Amino acid sequence: MSQLKVNSISDSAGANGNAITLASDGTCTAKITNNLSNRNVVINGDFSVDQRNSGSSVDLDAGDNAAFAADRMQFFNYGSGELDTDIQRIDNDAPEGFKYANKLTVTTPESSGGTPAADDRLSMQYRAEANTTDHFDFGQSTAKTFYISFWVKSSLTGNFGLAITGGGKNYCVLYPISSANTWEKIKIKVPGPTSGSWSQGTSAGINLKFGLYSGSNRVGPDQGITGTGSWQSGDSAQGTTGQVQLGGTNGATWLITGLQMEVSDYGATDFEHLPYGTELARCQRYFQRAHSQVDGAQRPVCIGCFESSSTITGIIRFPEMRTAPTFSASVVSSGWMFREGGQSHSFNSLTERYCTPTSAEFTQSGSVSDTAGIAGMIRGEGSSSTIDLSAEF
């Protein structure tokens, strides 16, 4: 067996010190600058988490409408007159190494075809929390070059639009799809923005907006995908000048998965897969389905009590969310109940009273009557009873 015995490994000039230094006990010390763990700041970039729909199709109709398929990826259909689409997190069409993808299908095209009105916009957007990109140094002279990569597939070919916005700035690019109905990997280099009013903390930071039908007031000039362009003023763009207008073609489809954004001096790296439980927990900072029922049996929500003779109060706690969430419960005839001793009280819904980032207090919606102070169990009783907590942007 051959052996290579050295004390260290350095570059040819040796001017920058040793890249790897070996010790006599067989261990080594290495200078590693391309840290590959926790590099993807996009949450749910593999589209595995779909708390709201569990893979079911969602109508995204004409007018002012917004909806999610997979978690953290919100679709918008604003300003259009006739454009209707279906969106869905699918599990039967993805490139090698992936199981899930988001898919949009045009079910009714805009009557004007490929010429949208000035403020029409159909897009899928990923909105990042500002503190997830602190290390990008947005708005500073030290702003880092970063890469966006993803797999994409469409029934149409041509140049599609992506608007990167935030801090009052935009960087729009055209990315090519050269073969219809074929998965292709896209890699985009973006110079770090050295100016702009970038948010901090838990506010919305950078946005990735994939334009699928974008009017002239909602696009920005193409900066190219090689990192040689410049950031422009304004952050209202949701697409790129000259993009394919998918919403003008009946039956047209667009699919995406493997979305990654990372600081890198070495180009876009392979997609960083995380365990499902980790990805789910990251998504739940922004949205949680705190109670979900798929049968008509009684399922526990929390302990509650009669605060007064006609008011039931309950409190649920949950992992910390980005901000105090909006609480919403499904309205189902006799879909909820309060059980104490041998008695049950049915009602139709739950109403938010107070929320914090880690708890929600609610009351019943519907007429009930019992002795104040009696404690019991609040349960879901309907087959579609749900409680949602949303701290999305």
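Residues numbered from 1 in each chain as written. Predicted model: local features only at pLDDT ≥ 70, side-chain atom pairs only at ≥ 80, totals over all residues. Heavy atoms only, no water.

A few words on the sheet that holds strand β28 (residues 386-390). Strand order in the open sheet formed by 3 strands is β19-β28-β22, and the pairing between neighbours is antiparallel. In the strand order of this sheet, the two ends are held by β19 (287-292) and β22 (326-329), each with one partner. Averaged over all adjacent pairs, the angle separating strand axes in this sheet is 15 degrees, with direction ignored. Across 4 bridges, β22 lies against β28 in antiparallel orientation. By the bridge assignment, F327 is partnered in β28 with L389. (Pairing = 2+ DSSP bridges. Helix = DSSP H or I, 4+ residues; strand = E, 2+ residues; numbered from the N terminus. Axes fitted to C-alpha atoms, helices over the stretch in contact; angles between N-to-C directions.)

Our focus in this paragraph is the pairing of strand β8 (residues 101-108). Two elements, strand β7 (residues 84-90) and β8, share 7 bridges in a ladder whose sense is antiparallel. Following the sheet pairing, D84 is matched in β8 by T108.

The volume enclosed by the second largest pocket comes to roughly 170 Å³. Lining the second largest pocket are 13 residues, and of these N38, N40, V41, L274 and R282 sit closest to its centre. Classifying every residue of the lining of the second largest pocket gives 5 nonpolar, 4 polar and 4 charged. (1 Å grid on protein atoms, 1.4 Å probe; cavity = no way out; pocket = protein on both sides within 12 Å on 5 of 7 lines; lining within 4 Å. Points joined across faces, edges and corners; volume = space filled by probe spheres on them. Nonpolar A, V, L, I, M, F, W, Y, C, P; charged D, E, K, R; others polar.)

Evaluation of the coordinates by the stated rule reveals 13 salt bridges. As a salt-bridge pair, R299 and D295 come within 2.8 Å of each other at their nearest N and O atoms. Measuring nitrogen to oxygen at the nearest pair gives 2.6 Å for the salt bridge that ties E307 to R353. Here E307 is found in strand β20 (residues 299-308), whereas its partner R353 is found in strand β25 (residues 349-356), with 46 residues between them in sequence. Overall, the relative accessible area of 43% leaves E307 in the partly exposed class. Linked through salt bridges whose partners overlap, the residues forming this network are R52, D71, R72 and E392. (Salt bridge = Lys/Arg side-chain N within 4 Å of Asp/Glu carboxyl O. Buried < 20%, exposed > 50% of the residue type's maximum accessible area, 1.4 Å probe, protein only.)

Two aromatic rings, taken as a pair, are described by how far apart their centres are and by the angle between their planes. One pass over the structure, following the stated rule, counts 15 aromatic pairs. Measuring from ring centre to ring centre gives 6.3 Å for Y286 and F393, while their planes differ by 45 degrees; the resulting arrangement is tilted. Here Y286 is found in the loop between α1 (276-283) and β19, whereas its partner F393 is found in the segment after β28, with 107 residues between them in sequence. On the accessibility criterion, F393 (23% relative accessible area) is partly exposed. Here R52 stacks its cationic end above the ring of F68, 3.8 Å away from the centre of that ring. Directly above the ring of Y286 sits R72, whose terminal nitrogen or CZ lies 3.8 Å from the centroid. (Phe/Tyr/Trp six-rings, centres within 6.5 Å; stacked < 30°, edge-to-face > 60°. Lys NZ or Arg CZ within 6 Å of the ring centre and 35° of its normal.)

The subject of this paragraph is the pairing of strand β24 (residues 343-347). Pairing analysis gives 5 bridges linking strand β23 (residues 336-340) to β24, with the strands arranged antiparallel. In the sheet register, E340 faces β24, and the bridge partner there is Q343.

The phi dihedral of N44 falls on the positive side, at around 65 degrees, and the residue is not glycine. Tracing the backbone through its elements, the reader meets N44 in the loop between β3 (28-30) and β4 (58-60). Here N44 falls in the buried class, since its relative accessible area comes to 0%. Positive phi values are uncommon outside glycine, yet N181 reaches one of about 55 degrees. In this structure, N181 sits in the loop between β12 (169-177) and β13 (184-190).

Strands sit in the order β4-β7-β8-β18-β10-β13 across an open sheet of 6 strands; the sheet is antiparallel. Lying at the two open borders of the sheet, with one neighbouring strand each, are β4 and β13. Averaged over all adjacent pairs, the angle separating strand axes in this sheet is 25 degrees, with direction ignored. As defined by bridge partners, β4 adjoins β7 across 3 bridges and the pair is classed as antiparallel. Note that in β7 the partner of L60 across the bridge is T85.

The subject of this paragraph is the nonpolar core. Most often, soluble globular proteins keep nonpolar side chains buried together rather than apart. Counting residues in each nonpolar core, the largest one holds 54 residues, and the members touching the most others are I148, F150, Y175 and W254. With 5 residues, strand β14 (residues 204-214) is the largest single contributor of residues to this core. Once you skip the residues sitting within four places of it in the chain, Y175 turns out to touch F150, V152, G158, N159, F160, G161, L162, I186, I188, F210 and W254. (Core = buried A, V, L, I, M, F, W, Y, C linked by side-chain atoms within 4.5 Å. Contact = heavy atoms within 4.5 Å.)

One can find Q245 in the loop between β17 (239-240) and β18 (253-263). What makes Q245 buried here is its relative accessible area of 15%. Within the local environment of Q245, its side chain forms a polar contact with the side chain of Q243, the two groups lying 3.3 Å apart. (Polar contact = N/O pair within 3.5 Å; in protein donor to acceptor, adjacent residues only side chain to side chain.)

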